[in-house]
Amino acid sequence: MNRLTRRIGDASARRPWVTIAVWVAALALVLPLAGLVGGSFVDDLVAPGSQSEKAMELLEDRFPEASGGSAVAVFAVPEGERIDRHRPAVEAAVDRIAEVEHVATVSDPFTAGSVSPDGRISYVQVAFDVPPMEVKPEKIDDLNDAIEPVRGDGVVAELGGDAVFINAETPTSGAEAAGLLSALVILVVAFGTIVAALVPIALALVAVAAGLGSIVLLAHATDVSTAAPTIGAMIGLGVGIDYALFIVARCRENRAAGQDNSTALSNAMSSSGAAVLFAGGTVVVAMSALALTGLGFLTSIGLSTSLVVLFAVATALTLLPALLSLLGDRIHKARRHRWLRMRRAKKSENPEQTAWWRFAHRVSGRPWPYLLAGSAVLVTLAIPALRMETGFPDAGNDATSTTHRRAYDLLAEGFGPGFNAPLLVVADLRDPGVDAAGIPELARRVADDPGIASIGEPLFSTAGDTVVLPVLPTTAPADAATSDTLERIRGIIPDNVAVSGLTAMTDDLTRQLTDTLPVFIAAILVVSFLLLMLVFRSVAVPLKAAVMNLLSIGGAYGVVVAVFQWGWLGGLFSLHETMLIASPLPTIFFAVLFGLSMDYEVFLLSRVREEYDATGDPTESVARGMAVTGRVITSAALIMTVVFLSFVANPSPLVKMMGLGLATAIVLDATIVRMVLVPASMALLGRAAWWLPRPLDRRLPRIAVETVESGDAVESVNAVGSNESDDLPPPPKPTPASTARIS
């Protein structure tokens, strides 16, 4: 791996303008192509094998008129007025809606009786001839244009319903730019030069642009979730900046050690470049593992994010060395005050001068108190996660600036909260169970449930073999009582009857996510254990990493529950109401954080391992490893944190939760885990931290992600060595620690 990244870096550095031209050409090809043939984003909300999927497939096959998407145009007037005073304007809007492509039927609110009891709110039912996931955003825009003239008549007009909610374009807050600006400030402080700070930002933007263009092209070939571009951009910005930061920092370190520019860059690509390749690969593996859930929209998020991460790795291994070779000494020269240059130079030569080294020794001197205190903090933060309640976000969770949220509120006000949670009871009359004569009795039994507000007239297919009963519950879509009602109804219906509708579909999704989460987490932990065991040739290190990952993730889960579900400090994050935790969040969050935490694990522990090979002192190796990587890892964590926090301002509940959760997890991982738990646990383990049974040592393949550099020569080294017996590995003969230069 070291030789591969060195060769890639050297080739890019020797032909910098060719490399840059290739990237410019790639962007010039991908971005316009995405604009020309790229697809639209849709959410495949079907849980495979669920009752709702069975019902929808039946409707699409035999009763397509009832399987199409639906929308609701809502009209309202101020208190004390009646909507029928504006009847001509509303009826004209109904005529315009009927002319929109793919609109099959439109109801007249005044003849259909869809006016609220106080007479001030009415709605128009719009039925499409395509499924809700296939209603293009352009058609939603056409509907909005159709109702726009009514607003000029003094009437509030909004669009809601399943098709509008599902296909609404994810808005952005603009705070992402503030996140990038904050990242730039952190990089300037870390490097002391604007040039070195701008390079990681530029590379991240290139990676995200190429990645988002590829996601749009992917949407042309398959269904891609509406949340995929935002999540991909979030992760891409974070890892894109961090990967470039690690390589630039290592290159500057090599330059400060007396190497010329080309040698410093080549050695940085061999060491930190290999670590970047490995770390990026783990993020891709983790995100691709979302396919294990069997859910289409999560698989699309995993694949989309993987594309952006792959571009981030590619820019770090090719475009970065090309830029660094062109910049030359400008990447290393910093206009600092003389005393600051001297102070940092001394710290570079003597790690004992750094606060990282001193703190690591302080923790190692009293490992048990620090280990217990750090663990107690994480466990305390994780306690709210035990009360986590998940559900699928509905229109009522979106920002009031969106038309579907305003329509949701008006419909709940005029017709009750259950109006926004329609269910479809679908009967297959070809199968044994209820027959046509038994439909009235079935309707009566369903209507008798205390959670049902009303049930409509049965709708028969043309062939008369399929029946649909429209049902409205008394509670909102994301209300736990609605799930209870759905479960009770499914408990009383015959075998040839199924319940569907968007509310039932999202409830089935939540159940499947809850059931598959333990399997998903177990798979991720097994993969992380095997990868770390291969890299570090150790049993204790991957076990420790798995436990610490669980603690930091649990702490982040707890913070998200406390803020969003319990409402603690909600005003600080512009939350005006509590909400359930989005059911996809725990799964997506675990995959993302696993990959990101592996970055820091590899960069820190690979350096610790080499220091151990150089000194034979398990305590000193941890202190020196933290001393030489602490500032870079802290800067990387700060950058990740500000980038993720910038997404908290996003109106989407899922993106907002992701931003806060990931920012919290990164802070916990970079402070309590890396600064406290790692040195404390490594001190307690001692030489046992690097033990691997001899049979495993012989059979496992070797993956080296670092090198030891001495002057201009580079000696490839196994990052973790080899154990000759099942006993604890003997400490190696001490060698000058100054030869250890591992990222």
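All of these numbers come straight from a predicted model, not from anything done at the bench.

**Student:** Quick question: what am I supposed to make of the overall build of the protein here?
**Tutor:** On a plain count of helices and strands, the protein comes out with 25 helices and 13 strands. For the protein, whose C-alpha radius of gyration is 29 Å, the value lies close to the compact-globule estimate of 27 Å for 743 residues. Along the three orthogonal principal directions, the C-alpha set of the protein runs to about 90 × 50 × 45 Å. For the protein, the accessible surface area stands at approximately 29,200 Å², while carbon and sulfur atoms represent 61% of it. On the protein, the mean spot of the 55 positive side-chain charges and the mean spot of the 73 negative ones are 18 Å from each other.

**Student:** Please explain the pattern of salt bridges as it appears in this structure.
**Tutor:** It is possible for side chains of opposite charge to pair when their charged atoms get near one another. Following the criterion strictly, the structure yields 27 salt bridges and no others. Here R151 makes a salt bridge to E148, at a shortest N to O gap of 2.5 Å. Residue R151 and its partner E148 are both found in helix 7 (residues 137-151); the two are separated by three residues, about one turn of the helix. On the basis of relative accessibility, which here comes to 26%, the residue R151 falls in the partly exposed class. Note that R444 is salt-bridged to D448, the shortest N-O span being 2.7 Å. Its relative accessible area of 51% is what places D448 among the exposed residues. Each of E253, R607, E611, E620 and R624 takes part in one network of salt bridges that share partners.

**Student:** Sorry, what's going on with the nonpolar core here?
**Tutor:** Generally speaking, soluble globular proteins have nonpolar side chains that are buried together. Y243, I301, F564, L585, F589, F644 and M658 are the most contacted members of the largest nonpolar core, which has 168 residues in total. By residue number, the principal contributor to this core is helix 24 (residues 653-685), which donates 18 residues. Residues V94, F110, F128 and V150 belong to the second largest nonpolar core, which totals 27 residues.

**Student:** Where do I start with the sheet that holds strand 1 (residues 70-76) in this structure?
**Tutor:** Strand-to-strand pairing in sheets goes through backbone hydrogen bonds, with the strands running parallel or antiparallel. What the four strands build is an open sheet, ordered 2-3-1-4; its pairing is antiparallel. A single partner strand is all that each edge strand has here, and the edge strands are strand 2 (103-106) and strand 4 (156-160). Across this sheet, the average inter-strand angle for adjacent strands is 25 degrees, counted without regard to direction. Helix-sheet contacts for helix 7 involve strand 1, strand 2, strand 3 (121-128) and strand 4, and the interaxial angle to strand 4 is about 165 degrees.

**Student:** Explanation requested: empty space enclosed by the protein in the structure shown.
**Tutor:** It is the rolling of a water-molecule-sized probe over the atoms that shows where space remains empty. This structure, assessed with the given rule, holds three cavities of 30 Å³ or more. Estimates place the volume of the second largest cavity at around 90 Å³. Taken together, the elements giving at least two residues each to the lining of the second largest cavity come down to helix 23 (618-646) and helix 24. When residues of the lining of the second largest cavity are assigned to their parent elements, the largest contribution, five residues, is made by helix 23. Broken down by class, the residue content of the lining of the second largest cavity amounts to six nonpolar, three polar and one charged.

**Student:** Teacher, can you tell me more about the packing of helix 11 (residues 228-256) against helix 24 here?
**Tutor:** The angle between the axes and the distance between the axes are what describe a pair of packed helices. Viewed as axis vectors pointing N to C, helix 11 and helix 24 meet at an angle of 20 degrees, and their least axial separation amounts to 11 Å. As far as their axial angle goes, helix 24 and helix 11 are roughly parallel. Along this stretch, helix 11 crosses helix 24, giving a crossing that reads as right-handed. Residue-level contacts link T230, I231, M234 and I235 of helix 11 to V655, M658, G659 and L662 of helix 24. For the contact of helix 11 with helix 24, the residue count by class is six nonpolar, two polar and no charged.

**Student:** Please explain the pairing of strand 4 as it appears in this structure.
**Tutor:** For a regular strand, the rule is simple: side chains alternate between the two faces of the sheet. For strand 4, the buried fraction is high: four of the five residues fall into the buried class. Relative to strand 4, strand 1 runs antiparallel, the two being bridged by five bridges. By the bridge assignment for strand 4, F75 is matched with A157.

**Student:** Hey, could you run me through the environment of Y123 in this one?
**Tutor:** Within the secondary structure, Y123 sits in strand 3. For Y123, a relative accessible area of 14% translates into the label buried. Sequence-wise, Y123 and A112 are eleven residues apart; in three dimensions their C-alpha atoms are separated by 9.7 Å. Those residues within four positions of Y123 in sequence are excluded, and the remaining contacts are V72, A73, V74, P109, S114, L411, F415 and F419.

**Student:** Can you walk me through the packing of helix 5 (residues 87-98) against helix 7 in this structure?
**Tutor:** Where helix 5 meets helix 7, the axes come as close as 8 Å, and the angle between the chain directions of the two elements is 165 degrees. Accordingly, the angle class assigned to the pair helix 5 and helix 7 is roughly antiparallel. Helix 5 and helix 7 meet at a crossing whose hand is right-handed. Only L143, A146, I147, P149 and V150 of helix 7 make contact with helix 5, whose side of the interface consists of A89, A93, R96 and I97.

**Student:** Looking at this structure, I do not really get helix 12 (residues 261-288). What am I missing?
**Tutor:** An α-helix turns once every 3.6 residues. As a result, residues three or four positions apart point the same way. The terminal C-alpha atoms of helix 12, which comprises 28 residues, lie 38 Å apart, in line with the 40 Å expected from a rise of 1.5 Å per residue. Its axis deflected by about 35 degrees at M269, helix 12 carries its strongest bend there. Summarising burial for helix 12: 22 of the 28 residues are buried, a large majority.

**Student:** For this particular structure, what's the right way to read the packing of aromatic side chains?
**Tutor:** Aromatic ring pairs are defined here through the distance separating the ring centres and the angle between the ring planes. Going through the model one piece at a time under the given rule, you end up with ten aromatic pairs. Taking the centre distance of 6.4 Å and the plane angle of 55 degrees together, the rings of F536 and W690 count as tilted. One end of the pair, F536, is in helix 20 (residues 502-536); the other, W690, is in the loop between helix 24 and helix 25 (694-699), and 154 residues separate them in sequence. By the burial criterion, F536 is buried, and W690 matches it. Here the aromatic cluster, defined as three or more aromatic residues joined through ring pairs, consists of Y123, F415 and F419.

**Student:** Explain the confidence of the model for the protein here, please?
**Tutor:** When pLDDT drops low, the exact placement of atoms in the prediction is not to be read closely. In the predicted model, the protein carries a mean pLDDT of 85, and the fraction of residues at 70 or more is 90%. Within the model, the stretch residues 335-343 combines pLDDT values under 50 with eight contacts to residues more than four positions away or in other chains. A low-confidence stretch, residues 345-349 stays under pLDDT 50, and its non-local contacts, those more than four residues away or across chains, total three contacts.

**Student:** Before we go on, may I ask you to explain the pairing of strand 1 in this structure?
**Tutor:** With respect to burial, strand 1 is a largely interior element, six of its seven residues being buried. As judged from the seven bridges shared by strand 1 and strand 3, these two strands associate in the antiparallel manner. Each residue of the ladder has a partner; that of F75, found in strand 3, is S122.

**Student:** How should the environment of D479 be read in this particular structure?
**Tutor:** With respect to the helices, strands and loops of the structure, D479 is situated in the loop between strand 9 (466-473) and helix 19 (480-492). Judged by relative accessible area, which is 34%, D479 ranks as partly exposed. Here the alpha-carbon distance between D479 and A545, two residues 66 residues apart in the chain, equals 38 Å.

**Student:** Could you clarify how one ought to interpret unusual backbone geometry in this entry?
**Tutor:** Leave glycine aside and you will find that most residues have negative phi; peptide bonds, for their part, are mostly trans. One non-glycine residue with positive phi stands out, namely R537, at about 50 degrees. By relative accessible area, R537 is classed as buried at 1%.

**Student:** Whenever I open this one, a negative patch on the surface confuses me. Can you help?
**Tutor:** A surface patch of negative charge is lined by E57, E60, D61, E134 and D223. Structurally, D61 is set in helix 3 (residues 51-62). Among the residues examined, D61 registers a relative accessible area of 61% and is labelled exposed.

What counts, and where the lines are drawn
Residues numbered from 1 in each chain as written. Predicted model: local features only at pLDDT ≥ 70, side-chain atom pairs only at ≥ 80, totals over all residues. Heavy atoms only, no water. Helix = DSSP H or I, 4+ residues; strand = E, 2+ residues; numbered from the N terminus. Rg over C-alpha atoms; globule rule 2.2 N^0.38 Å. Areas by Shrake-Rupley, 256 points an atom, 1.4 Å probe, with all protein chains shown as cover. Lys, Arg positive; Asp, Glu negative; His and termini not counted. Charge placed at Lys NZ, Arg CZ, Asp CG, Glu CD. Salt bridge = Lys/Arg side-chain N within 4 Å of Asp/Glu carboxyl O. Buried < 20%, exposed > 50% of the residue type's maximum accessible area, 1.4 Å probe, protein only. Core = buried A, V, L, I, M, F, W, Y, C linked by side-chain atoms within 4.5 Å. Pairing = 2+ DSSP bridges. Axes fitted to C-alpha atoms, helices over the stretch in contact; angles between N-to-C directions. Contact = heavy atoms within 4.5 Å. 1 Å grid on protein atoms, 1.4 Å probe; cavity = no way out; pocket = protein on both sides within 12 Å on 5 of 7 lines; lining within 4 Å. Points joined across faces, edges and corners; volume = space filled by probe spheres on them. Nonpolar A, V, L, I, M, F, W, Y, C, P; charged D, E, K, R; others polar. Parallel < 35°, antiparallel > 145°, perpendicular 65-115°, else oblique. Left-handed = near helix turned anticlockwise from the far one by under 90°. Expected span 1.5 Å × (residues − 1). Bend = angle between axes of the 7 residues up to and from the residue. Phe/Tyr/Trp six-rings, centres within 6.5 Å; stacked < 30°, edge-to-face > 60°. pLDDT = per-residue confidence, 0-100. Patch = residues over 30% accessible without salt bridge, like charges linked within 9 Å, V, L, I, M, F, W, Y side chains within 5 Å.

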